[in-house]
Amino acid sequence: HRKADTQKNRKRQTKMTKGDGSKSQICKGCNKEFPSKNALFRHLRESAETCLSNPEDYARFIQYVVNSEQNMEKIAVLYGYIPSRDYLQRDVDEKTEWSGVSGGEDAASMVVEAIRSVAWKGATSPPPSSSVSSKDTKINRSYGHKSKGTDIVAQDAHTGAITEVLTCRAPPLLLSNIEKDADKSQRDELRAKNKKVEQTWVDEVNAQLQLDTKGEGGRGVVKVFGRVTISNKRFNAELDVTHRRVEYLIPADFLFLPSSSASNEQIKLERQKFFDSLVSFQPGSNPFLDRIAYEQLKNNEENGNIDIALVAPTKPSPEALTYLYKIKKLMKKFTTQIVEVDATDESAMMEKRFHDEKRKKQRGKPPRKRKTEDEKMKKDDSKEQDGTNNEKGNDRMETKRPRKEGDEESLRQRKDDNNITNNALKKKEKPKKIKTHVLKRKRFHNFTSTVMAHEFLAYRRLDRFFHRATVRFDENDAADKEEELPEESNNAFHSERPFLALTLTGDLFLNGQARRVIALFLAICRGCIDEDILDCVFDEEYTNLVPIVPLPSFGMYAEGSTYMSWEGKIKAILSPRKADLYDRGFNDEDTIRSVEHFQHDVFREVASAWCREGEDNVTGRLVSEQKWTEEVLQPWAVKAKEQLQDYRKWKEAKRLVSDSNTETEMVAETLAPSLESVDTSVPHLFQKVLKYLREADSSGLWPTTTPKRQLVMVSTKEEDATGTQNDNNCSDTIVSPKINTSLSAAHMRAKSNKEIRSSAYAFVEGQGGASGSFSIGAMPKKQSEQPKGNTLFPELMKAAFELEIALCPEREPSSTIAVNRNAQFRPHTDSGAGAG
């Protein structure tokens, strides 16, 4: 029916613009003749407003021709958004609902709806809902998570964005076609005309967005900067991001530490002195280049070429430079670094191969083809043939010159001398050491509340962590007039208080990761925790969790994203920056200027949120910063110090165990309690279970461990270990090859599920018995495979459930029970399939 309606509408349009029944098509507006309908429609796209002077005819042309489903094109839209003040100035919970823009998903939906509203401009009625396909409503955006299918990487709730890219389907704009054979002046004229059409579209969409937010800044702001047509349908704004940049704007109060013996008045003076030492600079500015430009302008002024007021760029004091350099070194410790890989380490080489394959896949390069045996043989044959020809040529040359007696002997002697010299040189040459490098990622499981260390999403890349800007605000930067800040907030806002923009650049950010990274950075800067806490939270071998507290969400926003690998494919610039490589994209001056102005609005709104509670009149300290530091950061630091001490003990014990001169028993005595402190009385049921456990241990029937189960276990495996598994149904030998100890290598092994199950007798901890984990009981689902431990150890299964009933008589019994020996587990969440 939709196809029939479209054809009917086209016939109506053709009748409206057709001539007197001839095959050629005539435009009734300008009386030009065209060979086909397509040629006529191309003409009308460029001159529809002139030729179709009747508003009803023009509306029909837009509705049934330009905006038809088959003409819909894929576009990338650059836009930014600020959440409403109900969300921004309150660190509310995700489930709390207020009026206005709530976050990224809400802003993206508003942009798409505004685009659709502008598309039907002048139409008598919008198209029927049946003509809108699911493709037209699908949204992919830079900081979305729908394509990945998990909330773990979702954007932090109620945060804004300076720029973000979304892709959707929309009707095309009526742009002029630029011919290749046109001269430069014509091209420039047509580009200016097309740019005007695009800018008109941007203004209309922004006007619609203002209507959606009712024009009130307090309800949030959504602003579109431009659009570009995407010719490649495979482009995905969410999955094809090369780098994401998130930013956090903090008041300088977080970095100020007053003297312990100073009075309140002295603290206020010291605080203001510290603020004055931080030089303001805008994002993207280069102090070195700014000073060179200033010197050039100064010379021109002295020569009388210009007459303007010059302001010399301020240079930080030596003390401030030293402080900023220390901060920079600390930031670098959070980032991933390129390290040298030992070629003999199989785990490291597996990670290296994995990263290389992933990079080739992202770049779209096919794997390097290896030469076949036939190609190698052909190459060897050609070499031999060349050598034969050379020998024949030498023989022909030698026949021309008759050899004297003794020539052959001297020639043989020279060859022997050369062979001896070459052999001596080969012996002196040292074997070349193969150097391989890899970008060593870090595990950010302690920087989010939803991911454990063994999960692959925790293995993230953080490329840069840097200080992008220091901004200040004056009375001209106040909030919207509709909602003036309270007097105490205005004092905090206009007291020349600097705000620092700290930027993180990475491939993908976990939910809450950026806010926790900045929080830990501030904790170290303030001296709340020692710097070696970084070793603790990033150590994948340390099984204890050390969760980091997050900063408030209102200080965070997305700064932008890049699509370096895709810009060359679609011949367009997809991030707002100055670039002359392509004519299309978001690299024009008007777009960049609009983004800079909107960036200032984001800074102002975030700073206003920090200043909403004002400052302490006695010490000049920001109240919101003081509350978070005293109520959140300092209590966390007390507990974190205890966890750090445990980590230091664990690390020292690990070092002692690895030392061959230290006995393991001596280390165990320092860590474990003495046997005298253990009660020797054992209840009957415990004795019964312990008896069957020992029998299972010595039976040699301990089951194997699945790769996914082994992923959450911490075990030291032996190389080239073998074990035998006996079952009622089968009897086979399981061989464990050289084991990879890296957690990422173990995850790749479990993900592919191609490796042999780990033998229960392949672990160092299991010397003298089995090691690993298995289950006994009944899996609740009928389609689930029942545990093999039931048939291997029936007495143990019965005794274990009797013990559970005795321990918890009022609780419903479990369906399954896990039996472990010499198994240390990483913190993890079970699937719950066994209902244990």
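This one's a predicted model, so the numbers in the text were calculated from it and none came from an experiment. For every chain, the first residue of its written sequence is number 1, and the numbers climb from 1 along that sequence. Whole-chain, interface and lining totals are the exception, using all residues; otherwise, since this is a predicted model, local features are given only for residues with pLDDT of at least 70 and side-chain atom pairs are given and counted only at 80 or more. Hydrogens are left out, water is left out, and the side-chain values use all remaining heavy atoms of the structure.

Section: the side chain of Q643
Going along the chain from the N terminus, every DSSP run of H or I of four or more residues is numbered as a helix, and every run of E of two or more is numbered as a strand. With respect to the helices and strands, the residue Q643 is situated in helix α19 (residues 623-658). Per-residue accessibility, obtained with a 1.4 Å probe over protein chains only, is compared with the maximum for each type, and a residue is labelled buried under 20%, exposed over 50%, and partly exposed between these values. Residue Q643 is classed as buried on the basis of its relative accessible area, which comes to 16%.

Topic: the pattern of salt bridges
Pairing is possible between side chains of opposite charge, provided their charged atoms come close. Criterion for a salt bridge: a side-chain nitrogen of Lys or Arg within 4 Å of a carboxyl oxygen of Asp or Glu. One pass over the structure, following the stated rule, counts 35 salt bridges. Between E73 and R227 there is a salt bridge whose closest N-O contact spans 2.9 Å. Taken together, the residues span a long stretch of sequence, with E73 in strand β3 (residues 73-82) and R227 in strand β6 (residues 221-229) at a distance of 154 residues. Here E615 ties to R497 by a salt bridge, and the two come within 3.1 Å at their closest N and O atoms. Placement of the pair is E615 in the loop between α18 (589-610) and α19 and R497 in the loop between α14 (487-493) and β13 (499-506), with a sequence separation of 118 residues.

A word on the environment of E615
Owing to a relative accessible area of 18%, E615 belongs among the buried residues under this scheme. Residues E615 and Q626, spaced eleven residues apart in sequence, show a C-alpha to C-alpha distance of 9.3 Å.

A look at the environment of N790
Relative to the helices and strands, N790 resides in helix α24 (residues 789-792). The class for N790 is buried, based on a relative accessible area of 16%. Expressed as a C-alpha distance, the spacing of N790 and I776, which sit 14 residues apart in the sequence, is 5.5 Å. A contact between two residues is defined here by any heavy atoms of the two lying within 4.5 Å. Setting aside its immediate chain neighbours within four residues, N790 contacts I776, G777 and M797. Whenever a nitrogen or oxygen atom comes within 3.5 Å of another N or O atom, the pair is scored as a polar contact, on the condition that within protein one atom can donate a hydrogen and the other can accept it, and that pairs from neighbouring residues in sequence are kept only if both atoms are in side chains. Looking at N790, its side chain comes within polar contact range of the main-chain oxygen of G777, at 2.5 Å.

Quick look at the confidence of the model for the protein
The pLDDT score gives, residue by residue, the confidence of the prediction method on a 0 to 100 scale. Predicted confidence across the protein gives a mean pLDDT of 76, with 63% of residues reaching 70 or more. Mean pLDDT values for the elements of the protein range from 39 in strand β17 (residues 731-736) up to 96 in helix α15 (residues 513-525). Counted against residues more than four places away or in other chains, residues 122-126, with its pLDDT under 50, gives eight contacts. For residues 388-401, every residue scores under 50 in pLDDT, and the model assigns this stretch two contacts once sequence neighbours within four places are set aside.

A short note on the packing of helix α5 (residues 104-119) against helix α7 (residues 184-212)
Angles run from 0 to 180 degrees between N-to-C directions of axes, and those axes are lines fitted to C-alpha atoms, restricted for helices to the stretch in contact. The N-to-C vectors of α5 and α7 enclose an angle of 120 degrees; their axes lie 9 Å apart at closest approach. Our classification of the angle between α5 and α7 gives oblique. Remark: the crossing between α5 and α7 carries right-handed chirality. Between α5 and α7, the contacting residues are M110, V111, A114, I115, S117 and V118 on the first element and W201, E204, V205, Q208, L209 and D212 on the second. Reported orientations rely on four angle classes, namely roughly parallel under 35 degrees, roughly antiparallel over 145, roughly perpendicular from 65 to 115, and oblique for the rest. Each helix crossing is assigned a hand: it is left-handed if the near helix lies turned anticlockwise from the far helix by less than a right angle, otherwise right-handed if that turn is clockwise.

Brief notes about unusual backbone geometry
The backbone of H158 sits at a positive phi, close to 60 degrees, despite the residue not being glycine. Along the polypeptide, H158 turns up in the loop between β4 (140-141) and β5 (160-170). By relative accessible area, H158 is classed as buried at 7%. The phi torsion at K571 lies on the positive side, around 55 degrees, for a residue other than glycine. By secondary structure assignment, the location of K571 is in the loop between α17 (564-570) and α18.

Focus: a nonpolar patch on the surface
Only residues whose relative accessible area exceeds 30% and that form no salt bridge are eligible for patches; like-charged ones are grouped when within 9 Å, while nonpolar side chains (Val, Leu, Ile, Met, Phe, Trp, Tyr) are grouped when within 5 Å. The Shrake-Rupley method, run with a 1.4 Å probe, gives the accessible areas here. Residue values count only the displayed protein chains as cover. On the surface, V682, F686 and L807 cluster together into a nonpolar patch covering about 270 Å² of accessible area. With respect to the element layout, L807 can be found in helix α25 (residues 794-807). For L807, a relative accessible area of 54% gives the class exposed.

Some thoughts on the packing of helix α21 (residues 684-699) against α25
At a closest axis distance of 9 Å, the pairing of α21 and α25 adopts a crossing angle of 155 degrees. Classified by the angle their axes make, α21 and α25 are roughly antiparallel. Classified by chirality, the crossing of α25 by α21 is left-handed. Contacts between α21 and α25 involve L685, F686, K688, V689, Y692 and L693 from the former and E795, L796, A799, A800, E802, L803, A806 and L807 from the latter. Its residues placed into classes, the contact of α21 with α25 shows eleven nonpolar, no polar and three charged. Under the convention adopted here, Pro, Cys and the residues Ala, Val, Leu, Ile, Met, Phe, Trp and Tyr are nonpolar, Asp, Glu, Lys and Arg are charged, and Gly plus all remaining residues are polar.

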